[in-house]
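Below, each chain spelled out in residue letters.
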Amino acid sequence: MHRYFLLGAVLVAAFLIPVTDTGGQQQVKIGGKLVVAQGTDAESVDPINFSASPTASIMEHIIQTLVRLDVEDRGGQLETTPKGVLAESWSVSPDGRVWTFNLRRGIKFHDGTDLDASVVKLSLERALHPDCAAPFRSAVLGRLAYSPASATTGTVADKNAIVWRANLLLGPEGNNVSVAIASGASLGVSVSGSAITVTAPAGTTAAAVIRAVNENAAANKLVWASNAPGSDGSGAVAPVTATRLSGFATSVEAPDANTVRITLASPFAPLLQHLAHTAATIVSAKRVREAIAAAPPCGKGLQDKVEGTGPFMLKEWRRGERMVLVKNPNYWERDAAGRQLPYLDEIEWRVIPDDAARMIELERGTVHIAVRVPPLDVPRLQRDPNIVLDFTTSVRTIYIGMNVRDRIPDTPTGAANPLADRRVRQALNYCVDKEAIVRTIMGGQARVSDAPIVPQVFGYAKVGPYPFDPARAAALLREAGVTLPLRLKMHHPRGRYVRDVQVAQAVQAMLGTCRIEVELIPMEFVSFLALINKAPSEAEHQLYLLGWGTITLDADYGLYSLFHSSQWPPGPFNRGYYKNDRVDALLQQGREEANPDRRKAIYAEAQRLIWEDAPWIFSHSESQITGIRRNVKGADVHVTERLILWQTWMD
């Protein structure tokens, strides 16, 4: 049982100092503390260890990307314009494969270290490291090549071949790692600088060497040893003279301190949109290297404390309650009038999962901004003279995902899964009246889904909707041989999406009319994500309510991430384990095709096949409704569901 404490007052942390520029710009007031209420806590502040928009909204005030997307709504079609953040300018080669970014000079991280090209390379390569299992690795940076430094000793035929792979990110010395195997009286591992020497008696197996190296803390900071493919490690190792690991091969280069070069195997039209994603943010190299030295190859501790270049710094985080950010006094950006940003001294993100409690706090003035206003509360809040409601387009689709594997968990002893049959999944779609959900639960502030992505996204193609047709659903269930009542479980978050609990309850009731009995299991959002982010062999979930915002405004991000079979958890986002070979091929083609019209045709076919396979109950797309106290000025609600608050001030 969760318990929520409603606080009686907002404490302003500093005097508000009015400042007006001489050019007649609007007066702003410097200082003060802003309180934002959202339904869920952040998962992490590490860019390789998060998966949800509420987390990104906070992180983008601490850490920054090379570019950002400015979005303009032109008659329902969203147009994006990349703008420089840490990159001052960029260019692309005529063949579209080589992108060169020129960094802004003089920018410092919160820990006082300097931004340069080597730091950018470090952050992006950490996100690319396969062992780090960054959730957005494939979705955001999948077109960037990554090949870690490695060497193979021994031979497969002799069953003693060992692959030595460098643990990335230890700095320039990482490329100087060497390994040697020498004869000795006993098995041992020694490390001198970045040189590893293994002593081994005659007859020592490769498997024993691998185990000794990986269990040695000093060696393990430099390398990870494993069997070479085709070698089981049973053969005896032979002496190996000092052998340097070959250099890392990635798409990211730092030819000089102020230049970053990214080379792609083939053109990728939405690269800038992907580099604007929070997963591509740049963090302090000093902090990263300290973390990785403690826990190679990915680092430990960054999920709780990260050093960025953003307008705010992390001051306090009480998980499940609040996160407090404090002004970065050395922030590099200024407003149009030349004033240093940010205006505020502090921002507090307060976790209030219950919609009603969140609105009460907004009305009392104990919070200044409340996200995800329930549509049915809109008329009352519009009558409050102290509150302004912001209505902003959203690119988020809400769906009920389905585990489509033959068994749950997907092991020989797992329970047979009725959702593996496409006819059953289609039947569930016909059982749910999405129009009624939009009209009654969402108060008309949503749109029935007619595709896996929303119309504002490039590549969208209308392929639905599934109409409400219980008779058709019954026929499909009979055809599939389903014994009724069919009993299923649905896990869902509480407070993450607009009226998510009520949507889950409505779906439960509607499926019940088709004799599909659904047990609802509400969960705190971070725990919910952990549950559905398991490999198929460990999966427990059947149905799960989730949302996805295609924040790059390109179909690649909205389709590849969720429907390509390479994106099964743990890590990525195809959490129903959907697989269709033709869809896989189309989504890969869409990534590689440069011609916009051909990309649209590719994505149209992919969406048609996905719609027919019905791996989701396709529900609706949200609208963003945000409650803002009238004395809050300059708060920007972005189409990507981010709050942008570094030019916000309080009257």
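Our subject is the structure that appears above.
Residues numbered from 1 in each chain as written. Predicted model: local features only at pLDDT ≥ 70, side-chain atom pairs only at ≥ 80, totals over all residues. Heavy atoms only, no water.

Engineer: I keep staring at the environment of Leu 344 and nothing clicks. Help me out?
Structural biologist: Note that Leu 344 resides in the loop between strand S20 (322-327) and strand S21 (346-351). For Leu 344, a relative accessible area of 0% gives the class buried. Distance in space between the C-alpha atoms of Leu 344 and Pro 311 is 9.7 Å, their sequence separation being 33 residues. In contact with Leu 344, not counting residues within four places along its chain, are Gly 31, Gly 32, Leu 34, Phe 312, Lys 327, Leu 645, Thr 648, Trp 649 and Met 650. (Helix = DSSP H or I, 4+ residues; strand = E, 2+ residues; numbered from the N terminus. Buried < 20%, exposed > 50% of the residue type's maximum accessible area, 1.4 Å probe, protein only. Contact = heavy atoms within 4.5 Å.)

Engineer: Would you take a moment to explain helix H17 (residues 596-613) for this structure?
Structural biologist: Owing to its 3.6 residues per turn, the α-helix brings residues three or four apart onto one side. When the terminal C-alpha atoms of H17 are compared, their 26 Å separation across 18 residues agrees well with the 26 Å that a helix rising 1.5 Å per residue should span. The inward-facing, buried residues of H17 abut helix H10 (422-431), helix H15 (555-563), helix H16 (581-592) and strand S31 (616-622). Two to three positions downstream of the cap, the backbone nitrogen of Asp 597 sits 3.0 Å from a side-chain oxygen, assigning the N-cap of H17 to Asn 595. The positive-phi residue at the C-terminal boundary of H17 is Ala 614, with phi of around 50°. (Expected span 1.5 Å × (residues − 1). Polar contact = N/O pair within 3.5 Å; in protein donor to acceptor, adjacent residues only side chain to side chain.)

Engineer: Can you walk me through the sheet that holds strand S7 (residues 98-103) in this structure?
Structural biologist: Each strand in a sheet pairs with its neighbour through backbone hydrogen bonds, running either in the same direction (parallel) or in the opposite one (antiparallel). Strand order in the open sheet formed by four strands is S6-S7-S18-S17, with antiparallel pairing between adjacent strands. Strands with a single pairing partner mark the edges of an open sheet, and in this sheet they are strand S6 (87-92) and strand S17 (252-256). Put simply, the sheet's adjacent strands are angled 25° from each other on average, direction ignored. Inspection of the sheet shows S17 paired to strand S18 (residues 259-263) by three bridges, in the antiparallel sense. Among the inter-strand pairings, Asp 256 is bridged to a residue of S18, identified as Thr 259. (Pairing = 2+ DSSP bridges. Axes fitted to C-alpha atoms, helices over the stretch in contact; angles between N-to-C directions.)

Engineer: Please clarify how the sheet that holds strand S24 (residues 396-402) should be interpreted in this entry.
Structural biologist: Read from one edge to the other, the open sheet built from six strands follows the order S27-S31-S24-S30-S28-S29, with strand pairing classed as mixed. Pairing within the sheet leaves two strands with one partner each, and these edge strands are strand S27 (446-448) and strand S29 (516-523). Averaged over neighbouring strand pairs, the angle between their axes works out to 30° when direction is ignored. Pairing analysis gives eight bridges linking strand S28 (residues 486-493) to S29, with the strands arranged parallel. Note that in S29 the partner of Leu 488 across the bridge is Val 518. In this fold helix H11 (residues 434-441) packs onto S27 and S31, with an angle of close to 35° to the strand it touches most, S31.

Engineer: Explanation requested: the layout of surface pockets in the structure shown.
Structural biologist: It is the rolling of a water-molecule-sized probe over the atoms that shows where space remains empty. Roughly 730 Å³ of volume is contained in the largest pocket. Contributing to the lining of the largest pocket are 35 residues, with Arg 68, Leu 69, Asp 70, His 638 and Ile 644 lying nearest its centre. Every element with two or more residues in the lining of the largest pocket is listed here: strand S4 (67-74), strand S23 (387-392) and strand S34 (636-637). Considering each element in turn, the lining of the largest pocket owes the most residues, six residues, to S4. Split by residue class, the lining of the largest pocket holds 14 nonpolar, 13 polar and eight charged. (1 Å grid on protein atoms, 1.4 Å probe; cavity = no way out; pocket = protein on both sides within 12 Å on 5 of 7 lines; lining within 4 Å. Points joined across faces, edges and corners; volume = space filled by probe spheres on them. Nonpolar A, V, L, I, M, F, W, Y, C, P; charged D, E, K, R; others polar.)

Engineer: Where do I start with the pattern of salt bridges in this structure?
Structural biologist: One side chain can pair with another of opposite charge once the charged atoms of both are near each other. Enumeration according to the criterion identifies 39 salt bridges in this entry. Glu 290 is paired through a salt bridge with Lys 286; the nearest N and O atoms lie 2.9 Å apart. Separated by four residues within a single helix, Glu 290 and Lys 286 lie in helix H7 (residues 285-294), roughly one turn from each other. With its nearest N and O atoms 2.7 Å apart, the salt bridge here joins Arg 358 to Asp 355. (Salt bridge = Lys/Arg side-chain N within 4 Å of Asp/Glu carboxyl O.)

Engineer: Would you mind showing me how to read the environment of Gln 505 here?
Structural biologist: In this fold, Gln 505 is placed in helix H13 (residues 500-512). Of the residues examined, Gln 505 reaches a relative accessible area of 42% and is grouped as partly exposed. Residues Gln 505 and Ala 294 lie 211 residues apart in sequence; the distance between their C-alpha atoms is 46 Å.

Engineer: Could you clarify how one ought to interpret the packing of aromatic side chains in this entry?
Structural biologist: Aromatic ring pairs are described here by two measures, namely the spacing of the ring centres and the angle between the planes. Tallying each qualifying case throughout the model produces 21 aromatic pairs. Pairing Phe 563 with Tyr 578 gives two aromatic rings, centres 6.0 Å apart and planes at 90°, and the pair type is edge-to-face. Here the residue Phe 563 occupies a position in helix H15, and Tyr 578 occupies one in the loop between H15 and H16, the gap between them amounting to 15 residues. Here the two residues Phe 563 and Tyr 578 agree in accessibility, since each one is buried. Ring geometry for Trp 568 and Tyr 577: centres 5.8 Å apart, planes at 80°, overall edge-to-face. Ring pairs connect the aromatic residues Tyr 399, Tyr 430, Tyr 466, Tyr 544, Phe 563, Tyr 578, Trp 611, Trp 616 and Phe 618, which therefore count as one cluster. The cationic tip of Arg 496 hangs over the ring face of Phe 525; the distance from NZ or CZ to the ring centre is 5.5 Å. Here Arg 591 stacks its cationic end above the ring of Tyr 560, 3.8 Å away from the centre of that ring. (Phe/Tyr/Trp six-rings, centres within 6.5 Å; stacked < 30°, edge-to-face > 60°. Lys NZ or Arg CZ within 6 Å of the ring centre and 35° of its normal.)

Engineer: Explain unusual backbone geometry to me, please; I cannot follow it from the model alone.
Structural biologist: What is expected of a backbone is that most residues other than glycine have negative phi and most peptide bonds are trans. In the segment running from Ile 408 into Pro 409, the intervening peptide bond is cis, with an omega of -10°. A cis amide bond, omega 5°, links Pro 569 with the succeeding residue Pro 570. Relative to the elements of secondary structure, Pro 570 occurs in the loop between H15 and H16. Even without being a glycine, Arg 515 presents a positive backbone phi close to 65°. For Arg 515, the location among the structural elements is in the loop between H13 and S29. Given the relative accessible area of 45%, Arg 515 is considered partly exposed.

Engineer: Just to check I follow, could you spell out the nonpolar core for this structure?
Structural biologist: Ile 262, Leu 428 and Ile 516 are the most contacted members of the largest nonpolar core, which has 162 residues in total. Per-element accounting of this core gives the leading share, seven residues, to helix H2 (residues 117-128). Residues within four places of Ile 262 in sequence aside, it is in contact with Arg 97, Val 98, Trp 99, Phe 101, Leu 124, Leu 144, Ser 251, Val 252 and Leu 275. Core analysis: the second largest hydrophobic core is formed by 23 residues, Ala 151, Ile 196, Val 209 and Val 223 among them. (Core = buried A, V, L, I, M, F, W, Y, C linked by side-chain atoms within 4.5 Å.)

Engineer: Which parts of the structure should I look at to understand the state of the cysteines?
Structural biologist: As used here, a disulfide is simply a covalent bond connecting the sulfur atoms of two cysteines. All chains considered together, the criterion is met by two disulfides. Between Cys 132 and Cys 298 runs a disulfide, and the two sulfur atoms are separated by 2.1 Å. The sign of the -105° torsion about the S-S bond sets the Cys 132-Cys 298 disulfide as left-handed. Of the two residues, Cys 132 is situated in the loop between H2 and helix H3 (137-141) and Cys 298 in the loop between H7 and strand S19 (312-318); the sequence distance between them amounts to 166 residues. Both residues of the pair, Cys 132 and Cys 298, belong to the buried class. Two residues, Cys 431 and Cys 514, share a disulfide whose sulfurs are 2.2 Å apart. Around the S-S axis, the bridge from Cys 431 to Cys 514 shows a dihedral of about -120° and counts as left-handed. (Disulfide = S-S within 2.5 Å.)

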